[in-house]
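# Examination of the molecular architecture
Residues per chain are reported as follows:
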Amino acid sequence: EDVAAKGKVHVFEIVREHPPRLEVLSQADKDKEEDRIYLRNILTKDYKAPISAMSPLDGYLILAIGAKIIVHALKPNDLTGVAFFDAQIYVVSISTVKNYIAIGDSYKGVYFLRWKEDGKSLTMLAKDIQPLEVFAGEYLIEQQNLGIIISDSCQNILMYEYCPTPEKSFRGGQTLVCRADFHVGSPIAKWNRLPVKQLPDNTALQHCLVFGTLSGSLGTLRPIDKKLYKKL
C-alpha cells in the first residue's frame with residue numbers, strides 16, 4: 001500500500017487474414033472457409049494513476065483517471081488529450097450515446113455531460129445533487145426517450161432523466177430528475193445495452209439492458225408502454 005498504482009492503455013487493431021490456399025477447393029469447401037481474425041497491438045501508453053473506466057466517444061476515446069475525465073484523440077503512435085473534466089471523488093462508470101456522456105462517481109452520484117468536437121470541450125448539462133455511491137451505469141433508449149440507469153451500493157436501481165426546462169427540474173434544469181427506483185436485493189456490477197428485435201411492422205428504436213449481480217444472478221431491464229404497464 002506504500003507504492004503508488006499506475007495505469008496503462010493498450011490499443012489493438014482487429015486484423016482479418018485469409019488462409020492460404022494450397023490446393024484447388026470446391027465451392028462447398030470455399031463457403032466453409034473462415035478468415036483468421038486476431039488482434040495487433042498498435043499502441044501502449046502509461047499513466048501515473050489507474051484507469052477506472054473508458055468508453056468510445058464519436059471517434060475519440062474517453063478515459064477516467066481517478067476523478068479526472070480526459071478525451072483522447074488517436075494519433076500515430078500516441079494518444080493525445082484534447083479535453084478534460086474534473087469530477088469530485090472517483091469515477092467508476094462512463095457511458096456514451098452520440099456526443100452525450102453519463103458519468104458515475106463512487107460517492108457523488110451522476111453527471112451528464114455533452115461533448116463538442118468543434119471547440120474540443122466537455123460541458124456539464126446536469127447532475128444529481130444527492131450523494132450516491134454508484135456501482136455501474138448505462139443508458140436506456142426507448143424511441144426518442146433517453147434515460148440514465150444507475151445501480152448503487154444499497155442494491156437499488158435508479159432511473160434519471162435530463163429535463164432542461166426549469167419547470168420540471170431544479171436549478172434551472174441543471175439537476176437530473178429521478179423518475180423511478182426499486183430495490184433489487186444484490187449489487188449490480190455491470191450493465192450491457194442491447195437492441196430489442198422488433199416485429200416487421202414496428203420500426204421503433206428500443207434497447208434493453210442485461211445486468212449481472214455480485215451474487216451471480218442475471219437480469220433484464222426494458223421499457224414498456226402504458227397499456228402493458230396497466231395490465232401488469
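See the structure printed just above.
Residues numbered from 1 in each chain as written. Predicted model: local features only at pLDDT ≥ 70, side-chain atom pairs only at ≥ 80, totals over all residues. Heavy atoms only, no water.

### Section: empty space enclosed by the protein
Applying the stated criterion to the full structure yields 1 cavity of 30 Å³ or more. Roughly 30 Å³ of volume is contained in the largest cavity. In this structure, the largest cavity is lined by S93, S95, A102, I103, G104, G137, E138, I148 and I150. Breaking the lining of the largest cavity down by element, the ones donating at least two residues are β7 (91-97), β8 (100-105), β11 (134-142) and β12 (145-152). If you tally residues by element for the lining of the largest cavity, the top one is β8, at 3 residues. Across the lining of the largest cavity, the residue classes tally to 4 nonpolar, 4 polar and 1 charged. (1 Å grid on protein atoms, 1.4 Å probe; cavity = no way out; pocket = protein on both sides within 12 Å on 5 of 7 lines; lining within 4 Å. Points joined across faces, edges and corners; volume = space filled by probe spheres on them. Helix = DSSP H or I, 4+ residues; strand = E, 2+ residues; numbered from the N terminus. Nonpolar A, V, L, I, M, F, W, Y, C, P; charged D, E, K, R; others polar.)

### Quick look at the sheet that holds β11
With antiparallel pairing, the 4 strands of this open sheet are ordered in space as β11-β12-β13-β14. Either end of the sheet is taken by a strand with one partner, and the two such strands are β11 and β14 (177-183). On average, adjacent strands in this sheet sit at an angle of 20° to one another, irrespective of strand direction. Relative to β12, β11 is paired through 8 bridges, and the arrangement is antiparallel. When the bridges of β12 are listed, E142 appears paired with N145. (Pairing = 2+ DSSP bridges. Axes fitted to C-alpha atoms, helices over the stretch in contact; angles between N-to-C directions.)

### A short note on the packing of aromatic side chains
Evaluated as defined, the whole model comprises 5 aromatic pairs. With centroids separated by 5.7 Å and ring planes inclined at 5°, the aromatic side chains of Y100 and F112 adopt a geometry described as stacked. Here F112 lies in strand β9 (residues 109-116) and Y100 lies in strand β8, a separation of 12 residues in the sequence. Taking the relative accessible area as the measure of exposure, Y100 reaches 29% and is therefore partly exposed. Through successive ring pairs, a cluster of aromatic residues spans Y100, F112 and Y162. (Phe/Tyr/Trp six-rings, centres within 6.5 Å; stacked < 30°, edge-to-face > 60°. Buried < 20%, exposed > 50% of the residue type's maximum accessible area, 1.4 Å probe, protein only.)

### Remarks on the layout of surface pockets
Empty space within the largest pocket amounts to approximately 1,000 Å³. Around the largest pocket sit 28 residues that line it, and E142, N145, M159, P223 and I224 are the ones nearest its centre. Contributing elements (two or more residues each) for the lining of the largest pocket: β11, β12, β13 (156-161), β14 and α2 (226-231). Split by residue class, the lining of the largest pocket holds 16 nonpolar, 6 polar and 6 charged. Roughly 280 Å³ of internal volume is contained in the second largest pocket. Surrounding the second largest pocket, 17 residues form its lining, I94, S95, G137, E138 and K190 being those nearest its centre. Contributions of two or more residues to the lining of the second largest pocket are made by β3 (53-57), β7, β11 and β15 (188-195). Here the residues of the lining of the second largest pocket are counted per class, giving 8 nonpolar, 6 polar and 3 charged.

### A few points about the side chain of D105
Inspection of the secondary structure puts D105 in strand β8. No salt bridge is formed by the buried D105; its nearest oppositely charged neighbour, K108, is found at 7.6 Å. Engagement of the side chain of D105 in a polar contact is seen with the backbone nitrogen of Y90, the distance being 3.2 Å. At 3.1 Å, the side chain of D105 and the backbone nitrogen of K108 are in polar contact. Contact partners of D105, with chain neighbours within four places excluded, come to A87, Q88, I89, Y90, V91, Y111, L132, E133 and V134. (Lys, Arg positive; Asp, Glu negative; His and termini not counted. Salt bridge = Lys/Arg side-chain N within 4 Å of Asp/Glu carboxyl O. Polar contact = N/O pair within 3.5 Å; in protein donor to acceptor, adjacent residues only side chain to side chain. Contact = heavy atoms within 4.5 Å.)

### A word on the sheet that holds strand β4 (residues 60-65)
Strands sit in the order β3-β4-β5-β6 across an open sheet of 4 strands; the sheet is antiparallel. On the outer flanks of this sheet lie β3 and β6 (78-86), each paired with one strand and no other. Going across the sheet, the axis of each strand differs from the next one's by a mean of 25°, ignoring polarity. Bridge count for β4 against strand β5 (residues 68-75) is 5 bridges, and the pairing is antiparallel. Across the sheet, L63 pairs through a bridge with I70, a residue of β5.

### Brief notes about a nonpolar patch on the surface
Together, F12, I14, I37 and L39 make up a nonpolar patch on the protein surface, roughly 450 Å² of accessible area in all. When contributions to the nonpolar patch are tallied by element, the ones reaching two or more residues are β1 (7-17) and β2 (36-47). Along the chain, the position of I37 falls in strand β2. We classify I37 as exposed; its relative accessible area is 51%. (Patch = residues over 30% accessible without salt bridge, like charges linked within 9 Å, V, L, I, M, F, W, Y side chains within 5 Å. Areas by Shrake-Rupley, 256 points an atom, 1.4 Å probe, with all protein chains shown as cover.)

This is a description of form; function is not addressed.
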